[in-house]
Amino acid sequence: MNTIELSIGGMTCASCAARVEKKLNKLDGVTATVNFATEKARVAFGDEVSPGQLVSAVESAGYQAELPERPDEPAEPTDDPTAALKRRLLICVALSVPVIAMAMVPVLQFTYWQWLSLTLAAPVVVWGAWPFHQAAWTNLRHGTATMDTLISIGTLAALGWSIYALFWGTAGIPGMTHPFELTIARTDGTSNIYLEAAAGVTTFILAGRYFEARAKRRAGAALRALLELGAREVTVRRGGAEQRIPIEQLVIGDEFVVRPGEKIAADGTVVEGASAVDASMLTGESVPEEVQPGDQVVGATVNVDGRLVVRADRVGSDTQLAQMARMVEDAQNGKAQAQRLADRISGVFVPIVIALSVATLGFWIGSGFPVAAAFTAAVAVLIIACPCALGLATPTALMVGTGRGAQLGILIKGPEVLEDTRRVDTVILDKTGTVTTGSMTLVDVFAAEGEQPDEVLRVAGAVESSSEHPIARAIAAGAQEKFGELPAVTAFTNLRGLGVSGQVDGRAVLLGRLRLLADRSHEIPSELEVAVARAESDGRTAVVVGWDGQARGVLMVADAVKPTSAEAISLLKRLGLTPIMVTGDNEAVARAVAAEVGIDEVIAGVLPQDKVDTVKRLQRDGKVVAMVGDGVNDAAALAQADLGLAMGSGTDVAIEASDLTLVSNDLRAVPDAIRLSRKTLSTIKGNLFWAFAYNVAALPLAAAGLLNPMIAGAAMAFSSVFVVSNSLRLRAFTPSR
């Protein structure tokens, strides 16, 4: 099977993506998934189908498709896809404002104002609304109706009738005015023009689409951020000499050098040197892993403190980093793109309106009225059915909701992320950096009988201040915080993977694991052995310190739990949500942290793929899952979850793959984010209801021939004002914290 990724153009809603997917899957031996958010189609196909046939299939469905560029061709810089939409919107605003002003303010209606209105409104309805007309034609060919169909029919009907009234009716005579009166009386439709309704609807809907497109544009950024984590260049050993080459030229079997602080360029095996490697992006473990010759290392992890020579085993698209990028993309592709609520309503509303318009025409003609009067009533039904507030319903609620969220440190990415928030019942939490601080901290000092804890900490902190290891930095920071300046150290030695030693105040000090001190013939009191065992059972790292042949104390280091985490878990439970901790850390550490904050269910020792599998398993069991994380290893699970929440202190990849970003490091923002999302979604639904309700209420007037332009304009204005004011209520949202 061959795999290809097509760029799809012309999609306006999730039903478009479903149509393209269905068309591609009809081809023999083709399996396709279409992502509306990224506008990409991933297609697996056999040799009997050519890429050209795939493009033709997409085009036959009424959309555009482009094959990926060849690798040897330089990629052209892509323009901001929202720039053209923004340009279209600004031009339409400039043209529409005078049209609406002249129609609604009689004092501005000079002798030939109606002809200026036509001149300004026609480009808006024809060119400005062209994307809606195109989408409506595509929908018609497929026998469906969406919001685009409703907009196209309503605006073209308003423009068409206005042209008829101006050229063949009495609306074009010099001095014609629209008096500002909301009278309900049967009038001669040939004296009415509805250009302000047509231009206003187009401009309002374009504004809504622009705000949505701007939010959608960020969807593909997760993959770009993930792939940018890898090293750009690598130092390889070839022909007995070291040389710097681009990462693309690295091949399997090459030996490359990794200096302290550098990223490991590819997955491989250590052949020389020993060091600690920060693999937290992959495992979530806050403690670096000690590696030596024969150990496996993963590309994009960071070499902490030693020089390594690594033999490349997997490069390019075979590395674990590339596999994680594919997992994120697959999760995004597989995530059901919720069809816009407005499209779902329009799918029912449009056929009803068209049927009502035809029925009105038939009733009037059948009742013996003139054909012109019958057409007036039928077209009025189409005009009044097109609600401009429909385009404002989602963006205004989203703008106010996101604005309030930003004040509270909660960033909502787009309207589609809100669909499932009201049904979320399970919250998966990563441990490191989410429930905990994500950095090692000195939490306790235990001294042997006859020793002072302060002296143990002062001596240990002095020696550790010369080491770059995260555990050493935590001990040194704890000592400096307590004592300020620490004594000088001489003869410092880093014992790779075991500990450190040095001379402090004339004493030969040794720090490390219990086994190190025992191997160096230090006497170890039984109370220290008990303290070490207790610390390890609590998920802490125990560092034993001794001098002059005697173990003197134990320093306990851990990834400390955030002070607000327990309260956050309590708030989640109060919302009826079930918290589950899923972490790459070991079982003992995870259980200890979970018990401290009140989480009952723990899944420990998992890799990124296992996190995704956990989310999928819960979804298969009928759960609606929210995932909270902060690391690269959480990115695919964040994308797979029904609602992904990233901590603002986390990696760019996690933030890009998530639906909501919590700017603060406070876990209490999670229940607030879920409450705000639910509130915003309910506001959007209320807006959509009223956007239609005002216009539906005016439909009987239109069918009865009692609709005048002021009523059409008033319905448009009142529904818009209500939608905006209803959205502004979100500013009163208060956090539970």
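Looking at an unreviewed UniProt entry, one finds the protein named Cation-transporting P-type ATPase B, with Mycolicibacterium vanbaalenii as its source organism. The record in UniProt for the protein states the following under Catalytic activity (unreviewed entry): "ATP + H2O = ADP + phosphate + H(+)". Under the heading Subcellular location (unreviewed entry), UniProt records this for the protein: "Cell membrane".

Caption draft 1: Highlighting the overall build of the protein. Across its full length, the protein holds 25 helices and 26 strands. Within the protein, buried positions represent 54% of all 737 residues. For the protein, contacts bridging at least 24 residues in sequence account for 70% of all contacts bridging at least 6. Counting every atom, the protein has about 31000 Å² of accessible surface; 56% of that belongs to carbon and sulfur.

Caption draft 2: Summary view of the nonpolar core. I193, L195, F349, I383 and I384 are the most contacted members of the largest nonpolar core, which has 53 residues in total. Contributing elements (two or more residues each) for this core: helix 3 (81-104), helix 4 (113-128), helix 6 (147-167), helix 7 (195-216), helix 11 (341-366), helix 12 (371-384) and helix 24 (669-703). Considering every element that reaches this core, the biggest residue donor is helix 6, with nine residues. Listed in part, the 36 residues of the second largest apolar core include I412, V435, V597 and V624.

Caption draft 3: The arrangement of the sheet that holds strand 4 (residues 64-66) in detail. Across the sheet, which stays open at both edges, the four strands sit in the order 2-3-1-4 with antiparallel pairing between neighbours. What marks the edges here is a single partner per strand, and that holds for strand 2 (31-35) and strand 4. For this sheet, the mean angle separating the axes of adjacent strands, direction not counted, is 25°. Looking at chain direction, strand 1 (residues 2-9) and strand 3 (residues 40-45) are connected through six bridges and run antiparallel. Residue pairing for strand 3: S7 is matched across the bridge by K40. Its contacts with the sheet put helix 2 (residues 51-60) on strand 1, strand 3 and strand 4, and the angle it makes with strand 1 is roughly 30°.

Caption draft 4: Structural detail: a nonpolar patch on the surface. On the surface, V105, V107 and L108 cluster together to form a nonpolar patch covering roughly 260 Å² of accessible area. Relative to the helices and strands, L108 is located in the loop between helix 3 and helix 4.

Caption draft 5: Structural view of helix 24. The first and last C-alpha atoms of helix 24 sit 51 Å apart over 35 residues, in line with the 51 Å expected at 1.5 Å per residue. In the structure, helix 24 departs most strongly from a straight axis at A697, where the bend amounts to approximately 25° and where the proline P700 lies between one and four residues downstream. Backbone geometry just after helix 24 places G705 at a positive phi near 80°.

Caption draft 6: Representation of the pairing of strand 1 in the model. Of the strand pairs in this sheet, strand 1 and strand 4 are connected by three bridges, and their pairing is antiparallel. Residue G9 lies in a different strand from strand 4, and its bridge partner there is Q64.

Caption draft 7: Representation of the UniProt feature "transmembrane region" (unreviewed entry) in the protein within the structure. Annotation from UniProt places "transmembrane region" (unreviewed entry) at residues 89-106, 112-130, 150-173, 193-211, 345-365, 371-394, 687-704 and 710-728. From the first C-alpha to the last, residues 687-704 spans 27 Å; its make-up is 94% helix and 0% strand.

Caption draft 8: A look at helix 15 (residues 453-464). Counted at 1.5 Å a residue, the expected span for helix 15 with its twelve residues is 16 Å, and the 16 Å between its end C-alpha atoms agrees. Every buried residue of helix 15 is listed here: V456, L457, V459, A460, G461, A462, V463 and E464.

Caption draft 9: Focus on a positive patch on the surface. Residues K22, K23, K26 and R141 make up a contiguous surface patch of positive charge. For K23, the location among the structural elements is in helix 1 (residues 14-25). The class of K23 is partly exposed, set by a relative accessible area of 31%.

Caption draft 10: The arrangement of the sheet that holds strand 24 (residues 625-629) in detail. In spatial order, the strands read 14-26-25-24-15-22-23; together these seven strands make up an open sheet with mixed pairing. Of all strands in the sheet, those bounded by a partner on one side alone are strand 14 (410-412) and strand 23 (601-603). In this sheet, neighbouring strand axes are inclined to one another by 20° on average, regardless of whether the strands run parallel or antiparallel. Together, strand 15 (426-429), strand 22 (578-582), strand 23 and strand 24 form the strand contacts of helix 21 (residues 608-620), whose direction differs from that of strand 15 by roughly 170°.

Caption draft 11: Examining the packing of helix 4 against helix 6 more closely. Contact geometry for helix 4 and helix 6: axes closest at 11 Å, N-to-C directions at 150°. It follows from the interaxial angle that helix 4 and helix 6 lie roughly antiparallel. The way helix 4 lies across helix 6 gives a crossing that is left-handed. The segment helix 4 lies against helix 6, with Q114, W115, L118, A122, V125 and V126 engaging T155, L156, L159, I163, L166 and F167. For the contact of helix 4 with helix 6, the residue count by class is ten nonpolar, two polar and no charged.

Caption draft 12: Highlighting the packing of aromatic side chains. A complete count under the given rule lists seven aromatic pairs for this structure. Taking the centre distance of 5.2 Å and the plane angle of 80° together, the rings of W115 and F167 count as edge-to-face. Residue W115 is found in helix 4, and its partner F167 is found in helix 6; the two are separated by 52 residues along the sequence. Taking the centre distance of 5.0 Å and the plane angle of 50° together, the rings of W690 and F722 count as tilted. Here F722 lies in helix 25 (residues 709-728) and W690 lies in helix 24, a separation of 32 residues in the sequence. Accessibility expressed as a relative area gives 35% for W690, which makes it partly exposed.

Caption draft 13: Local environment of the pattern of salt bridges. Considering all chains together, one arrives at 22 salt bridges under this definition. One salt bridge in this structure joins E242 and R259, with 3.0 Å as the shortest N-O distance. Taken together, the positions of E242 in strand 6 (residues 241-246) and R259 in the loop between strand 7 (255-258) and strand 8 (267-272) put the pair 17 residues apart, joining distant regions of the chain. Overall, the relative accessible area of 37% leaves E242 in the partly exposed class. Its salt-bridge partner being R458, residue E455 comes within 3.2 Å of it at the nearest N-O pair. On the criterion of helical spacing, the pair formed by E455 and R458 is a turn pair, its members being three residues apart in helix 15. Here R458 falls in the partly exposed class, since its relative accessible area comes to 23%. Among the charged side chains, a salt-bridge network with shared partners connects E455, R458, D505 and R507.

Definitions and limits used
- Residues numbered from 1 in each chain as written.
- Predicted model: local features only at pLDDT ≥ 70, side-chain atom pairs only at ≥ 80, totals over all residues.
- Heavy atoms only, no water.
- UniProt positions renumbered as here; feature names shortened; annotations may be inferred.
- Helix = DSSP H or I, 4+ residues; strand = E, 2+ residues; numbered from the N terminus.
- Buried < 20%, exposed > 50% of the residue type's maximum accessible area, 1.4 Å probe, protein only.
- Contact = heavy atoms within 4.5 Å.
- Areas by Shrake-Rupley, 256 points an atom, 1.4 Å probe, with all protein chains shown as cover.
- Core = buried A, V, L, I, M, F, W, Y, C linked by side-chain atoms within 4.5 Å.
- Pairing = 2+ DSSP bridges.
- Axes fitted to C-alpha atoms, helices over the stretch in contact; angles between N-to-C directions.
- Patch = residues over 30% accessible without salt bridge, like charges linked within 9 Å, V, L, I, M, F, W, Y side chains within 5 Å.
- Salt bridge = Lys/Arg side-chain N within 4 Å of Asp/Glu carboxyl O.
- Expected span 1.5 Å × (residues − 1).
- Bend = angle between axes of the 7 residues up to and from the residue.
- Lys, Arg positive; Asp, Glu negative; His and termini not counted.
- Charge placed at Lys NZ, Arg CZ, Asp CG, Glu CD.
- Parallel < 35°, antiparallel > 145°, perpendicular 65-115°, else oblique.
- Left-handed = near helix turned anticlockwise from the far one by under 90°.
- Nonpolar A, V, L, I, M, F, W, Y, C, P; charged D, E, K, R; others polar.
- Phe/Tyr/Trp six-rings, centres within 6.5 Å; stacked < 30°, edge-to-face > 60°.

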